[in-house]
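Residue strings, one per chain:
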Amino acid sequence: MASPVVSSTAMTGAAATWLIRGARVLGSDPADIRIADGVIAEIGRDLDHDVATARLDADGLIALPGLVDLHTHLREPGREDAETVLTGTAAAALGGFTAVHAMANTDPVADTAGVVEQIWRLGRQAGRCDVQPVGAVTAGLGGSRLAELGAMADSAARVRVFSDDGRCVHDAVLMRRALEYVRAFGGVIAQHAQEPRLTEGAQVNEGEISGRLGLTGWPAVAEEAIIARDCLLAAHVGSALHVCHVSTAGSVEILRWAKAKGWQVTAEVTPHHLLLTEERAVGYDPVFKVNPPLRTAEDVAALRAGLADGTIDCVATDHAPHPLEDKETEWVAAAFGMTGLETALRVVHEALVEPGLLDWAGVADRMSARPAAIGRLTGHGRLSPGEPANLVLYDPSPREAVDPAAHASRSRNTPFAGMVLPGRVMATFLRGNPTVLDGKLAR
Ligand SMILES: [Zn+2]
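All values derive from a computational prediction rather than experimental measurement. (Residues numbered from 1 in each chain as written. Predicted model: local features only at pLDDT ≥ 70, side-chain atom pairs only at ≥ 80, totals over all residues. Heavy atoms only, no water.)

Inspection of the secondary structure assignment puts S411 in the loop between β16 (391-401) and β17 (420-430). Judged by relative accessible area, which is 2%, S411 ranks as buried. A polar atom in the side chain of S411 sits 2.7 Å from the backbone oxygen of A82. S411 has contacts with A82, E83, P321, H322, P323 and T339, leaving out every residue within four places of it along the chain. (Helix = DSSP H or I, 4+ residues; strand = E, 2+ residues; numbered from the N terminus. Buried < 20%, exposed > 50% of the residue type's maximum accessible area, 1.4 Å probe, protein only. Polar contact = N/O pair within 3.5 Å; in protein donor to acceptor, adjacent residues only side chain to side chain. Contact = heavy atoms within 4.5 Å.)

The next point concerns the coordination of the zinc ion. Coordination of the zinc ion by the protein involves D165 (OD), H192 (ND1) and H245 (NE2), with metal-donor separations of 1.9 to 2.3 Å. A relative accessible area of 3% means that D165 is categorised as buried. Look at H192 and you get buried, because its relative accessible area is 2%. (Donors = N, O, S within 2.8 Å, 3.2 Å for Na, K, Ca; no water.)

For the rest of this paragraph, the subject is the pattern of salt bridges. Two side chains bearing opposite charge may form a pair once their charged atoms approach each other closely. Enumeration according to the criterion identifies 17 salt bridges in this entry. Salt-bridge contacts for R399 lead to E350; the nearest nitrogen and oxygen are separated by 3.3 Å. Taken together, the residues R399 in strand β16 and E350 in helix α12 (residues 344-353) connect sequence positions 49 residues apart. What makes R399 partly exposed here is its relative accessible area of 46%. Here the residues in one salt-bridge network are R79, D81 and D326, joined through shared partners. (Salt bridge = Lys/Arg side-chain N within 4 Å of Asp/Glu carboxyl O.)

Moving on: the sheet that holds strand β8 (residues 130-133). Whether parallel or antiparallel, the strands of a sheet pair through hydrogen bonds between backbone atoms. Taken in spatial order, the three strands make up an open sheet running β6-β7-β8, and their pairing is parallel. With partners counted over all chains shown, the strands left at the sheet margins are β6 (67-72) and β8, one partner each. The mean inter-strand angle of the sheet, taken between neighbouring strand axes irrespective of direction, is 20°. One ladder, built from four bridges, connects strand β7 (residues 97-102) with β8; its direction is parallel. (Pairing = 2+ DSSP bridges. Axes fitted to C-alpha atoms, helices over the stretch in contact; angles between N-to-C directions.)

Here we take up the packing of aromatic side chains. This model, assessed by the stated rule, comprises six aromatic pairs. Here the aromatic rings of W18 and F429 are separated by 5.0 Å at their centres, their planes lie at 80°, and the arrangement is edge-to-face. Taken together, the positions of W18 in strand β1 (residues 17-25) and F429 in strand β17 put the pair 411 residues apart, joining distant regions of the chain. The pair W18 / F429 is uniform in exposure class, with both members buried. Ring geometry for Y181 against F185: centres 6.5 Å apart, planes inclined by 70°, an arrangement best described as edge-to-face. The class for Y181 is partly exposed, based on a relative accessible area of 42%. Classification of F185 by relative accessible area gives partly exposed; the value is 22%. For the cation-ring pair, K289 lies above F336, with the distance from its terminal atom to the ring centre recorded as 4.5 Å. (Phe/Tyr/Trp six-rings, centres within 6.5 Å; stacked < 30°, edge-to-face > 60°. Lys NZ or Arg CZ within 6 Å of the ring centre and 35° of its normal.)

Geometric descriptors of this kind do not, in isolation, establish any biological role.
The following block contains the structure:
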C-alpha cells in the first residue's frame, strides 16, 4: 500500500487549496476531492488542478467526514497532569476527529458560563479540533440542584449537551426538571445511567467472574433501570434524552422499545465495550477497570448488533485519561477509565467492519453524522461539496500493534496496548487545514 505522497507546498500546511487524489469516499470507488478556502469545492474523477495546489495522493485510502466524539474527558481545568485541551485535541486529531464534546467533570466543574467559555476558548486556541463543552446538569455535579443551564446555553460556547457524566442524575424530579429546561432551546440531557445504591463499591460486572475474583459486582439492572426510567421521563415531558456508554444487552432492548415508541431517545456505545469482555479483569490489571464495566460476550454481541441496526446511534470514546499513579495500583484503589481517541476508528474497524456488520458509509454515520446531530453541531458530519472540509483519510490495510508510547495523549491507559488492530489514520483536515499528515501531527 502506497503511503500518501504530499507535495512540498503541502508540508507547510498553509495551502489554501488542496487536491486529494484517488480517495475512496465513504468506501466507494476512487475519486478526487478538491478543497478551497476551507470548504469541499468538488468531488469527482480526474479533477483539474494547477501547480500551486497542494496535492495528496490518497490511493487506497478511505475518506470519511471528520469524526465527532460526544464523550471526551479533556481534564482541563484541574487535572492537567492527566490531559490538557492541547494534548487531548492532538490525540483527537491523530484519531481522525474534528470535533469533541468535552465532559463537564473538570475542576472547577463546567457548570457556569464562565467555565464552559474557558474550555471553548482553549479549544479554539489549540486549533486542532473543535472543542464543544458539555455543561453539568447539577451544580458542582452535586445532584441536588440544577446548574445554570440557560446561562451556559446562551454563552459563547452555546452549550446544548448537558451531563453529570461520571455520576448519574439519580433524583427523578431533578432529571425531569432538567429535561423540561433544555426542551426550550433544543438541548439534550446525556445521562450516565447507573443507579447509585445498586452500584455502591462496584468494581466489575456482576456475575460468575466477580464472584471468582472476590470483587463487588456491578449488576446490569443498575444501568437498565435508569435507562427505562429516563426514557419514560423524556417521553412524559417531550424532551431529548441521550444515554451515555450503553453496556448491556438489556439496555439495547429498552432503547429499541423506546425508539419504537418514537420518543426522543439516542444512545452511544464505547469502542472498548464493542471489543472487550469482563474476562480481561481476570488478571486484576486496572487498565481494564472502567465505568460502566466491561461486560459479557453476549452483551458485546448485542451492542454490536444494536449499533449496526441503529438502535444505538453512535460510537463515543469516553476517552478518560489518568496518570500512571492513578492506574498502576491495586484494582480496588485504581481510577475508572481508559483512553480511546487514538484507537476508536481502528477498534470500530475491527469490531464492526471486519465482521461485515457496518460498511464505511455506516461508520461515517455512526462516528460523524449521528454524533454531530445529537450534539447539535453544524459544519460536521457530512463529506460533500459545499460543506466545511472536515475529513479523515484512513488506510485500512495495515495491521499493527497499538503502541501507547506513540500516543499524543498525556496519559497511557489504553486497554488496547499491544493488541494488533487494523488500519491507520493518515490525514485529518479541519476546515481545510491539515491537523494530521502522513500519520503525524501537522500542527
Ligand atoms: Zn460516564
